[in-house]
Each structure stands twice: as C-alpha cells, then as structure tokens.
Amino acid sequence: MKNWKTVVGSLALAGVVAVPAVGMACDGKGRMDGRGHGPEKIAKELDLTEAQKDQLKELRESNREGKIAKREEMHKAYEELREAIRSGADQQTLESLGAEIGKLEVAKMQSRNQMRTQFESVLTDEQLAKLEILKAEKKDRHMKKWKAYRDHG
C-alpha cells in the first residue's frame, strides 16, 4: 500500500460522488442548506404527502445519532493521520491509519446507501421516476459547471 494517500483520497471522493439522492433529501436537521437542497425543497419537488414527510423526518431523526458519532470518529482518524504525518511517523503507522480511514469511508458509503434506500422506500413509483429525473438534471448541471471550470480554470 505505497500510495495510501491516493487510496484515502479516492475513497473520500467516492463517498462524495456516491450519494446524490441523500443530499437532495435532507441535511439531517430539517433545514435548508443554503443551496436549496433541504427536505422542504425535495418534498415540494416530489409532491410528498404529509405522511411521507413525517416518515422521512423519523428516518432522519433515527439516523442522526449514528451519523454524528461516525462523523466524530472520522474527524478523529483524520486528525491522528495529520498528526502522524507532522511528527514524521514511519510508513507502517501511516498505512495503518490510512487503512482505518479507508474502513471508515467504506462504512460511511454503506450508511449513505442504506439511508438512500430508506428514503426511496417511502416514495411512490411516480415519485421515484421524478427523483431520477431530478438526479439526472443535477448531474447535468454539475458536469456543465465542471466542464466550464476545467476549460477556464
């Protein structure tokens, strides 16, 4: 595992790219995140019923504690790795810390996938179809921004 930075970076990037629906669904606190991707917006766009909104709120709340604990564990692992690098730790120690971060990233991706599945299980077939359209539109906007950035950056 000579390129542990590449592995950790790739896992982190995969975690960011893997979950467009959860990002659209909520921020976990029932508020808008400044970019218009909160529970209220997705509820409106998918025309969710009050019962669906309540179910999704319960799902967010039930996942909140675990999400917070995992985030703290991840921050701690990254801080340990930064400190090890600063202090000149040996390669084996760095690889061990990198492997632990990799495991945490995989667990985070699995958790996000589970939340996405729970979110989608609340939706009707029509809402799922609309969600796919919204995700495709979001991906298209992202790719256009990325292309513009790449071409002019």
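Above this text you will find the structure in question.
Summarised in this report is the structure supplied together with it. (Residues numbered from 1 in each chain as written. Predicted model: local features only at pLDDT ≥ 70, side-chain atom pairs only at ≥ 80, totals over all residues. Heavy atoms only, no water.)

The next point concerns the overall build of the chain. What the chain contains, in helices and strands, is six helices and zero strands. Going from the N terminus to the C terminus, the chain shows its helices and strands as α-α-α-α-α-α. Here the chain holds 153 residues, and 27% of them are scored as buried. By sequence separation, contacts in the chain at least 24 residues apart represent 68% of the contacts at least 6 residues apart. (Helix = DSSP H or I, 4+ residues; strand = E, 2+ residues; numbered from the N terminus. Buried < 20%, exposed > 50% of the residue type's maximum accessible area, 1.4 Å probe, protein only. Contact = heavy atoms within 4.5 Å.)

What follows deals with the pattern of salt bridges. Using the criterion set out here, one finds 13 salt bridges in the structure. The salt bridge involving glutamate 80 is made with lysine 76; its shortest N-O contact spans 3.9 Å. Taken together, the positions of glutamate 80 and lysine 76, both in helix H4 (residues 50-86) and four residues apart, correspond to about one turn of that helix. Residue arginine 150 pairs with aspartate 151 through a salt bridge whose shortest N-O separation is 3.9 Å. Connected through shared salt-bridge partners, Glu79, Arg82, Glu83 and Arg86 make up one network. (Salt bridge = Lys/Arg side-chain N within 4 Å of Asp/Glu carboxyl O.)

What follows is about helix H5 (residues 91-121). End to end, H5 covers 45 Å across 31 residues, agreeing with the expected 45 Å (1.5 Å per residue, within 8%). Every buried residue belonging to H5 is among Leu94, Leu97, Gly98, Ile101, Gly102, Leu104, Glu105, Ser111, Met115, Phe119 and Glu120, and all of these are buried. For H5, the capping residue at the N-terminal end is aspartate 90, with a side-chain oxygen 3.2 Å from the backbone nitrogen of glutamine 92. (Expected span 1.5 Å × (residues − 1). Polar contact = N/O pair within 3.5 Å; in protein donor to acceptor, adjacent residues only side chain to side chain.)

Within the largest apolar cluster, ten residues are counted, these being Ile42, Ala43, Leu46, Leu48, Leu56, Phe119, Val122, Leu123, Leu131 and Leu134. Sorting the residues of this core by element identifies helix H3 (39-46) and helix H6 (125-152) as the ones contributing at least two each. Looking at this core element by element, the count peaks at three residues for H3. Grouped together as the second largest cluster of nonpolar side chains are eight residues, Met74, Ala84, Leu97 and Leu104 included. (Core = buried A, V, L, I, M, F, W, Y, C linked by side-chain atoms within 4.5 Å.)

On the surface, Met143, Trp146 and Tyr149 cluster together into a nonpolar patch covering about 360 Å² of accessible area. By the secondary structure assignment, tryptophan 146 is in helix H6. Residue classification places tryptophan 146 among the partly exposed positions, given a relative accessible area of 41%. (Patch = residues over 30% accessible without salt bridge, like charges linked within 9 Å, V, L, I, M, F, W, Y side chains within 5 Å. Areas by Shrake-Rupley, 256 points an atom, 1.4 Å probe, with all protein chains shown as cover.)

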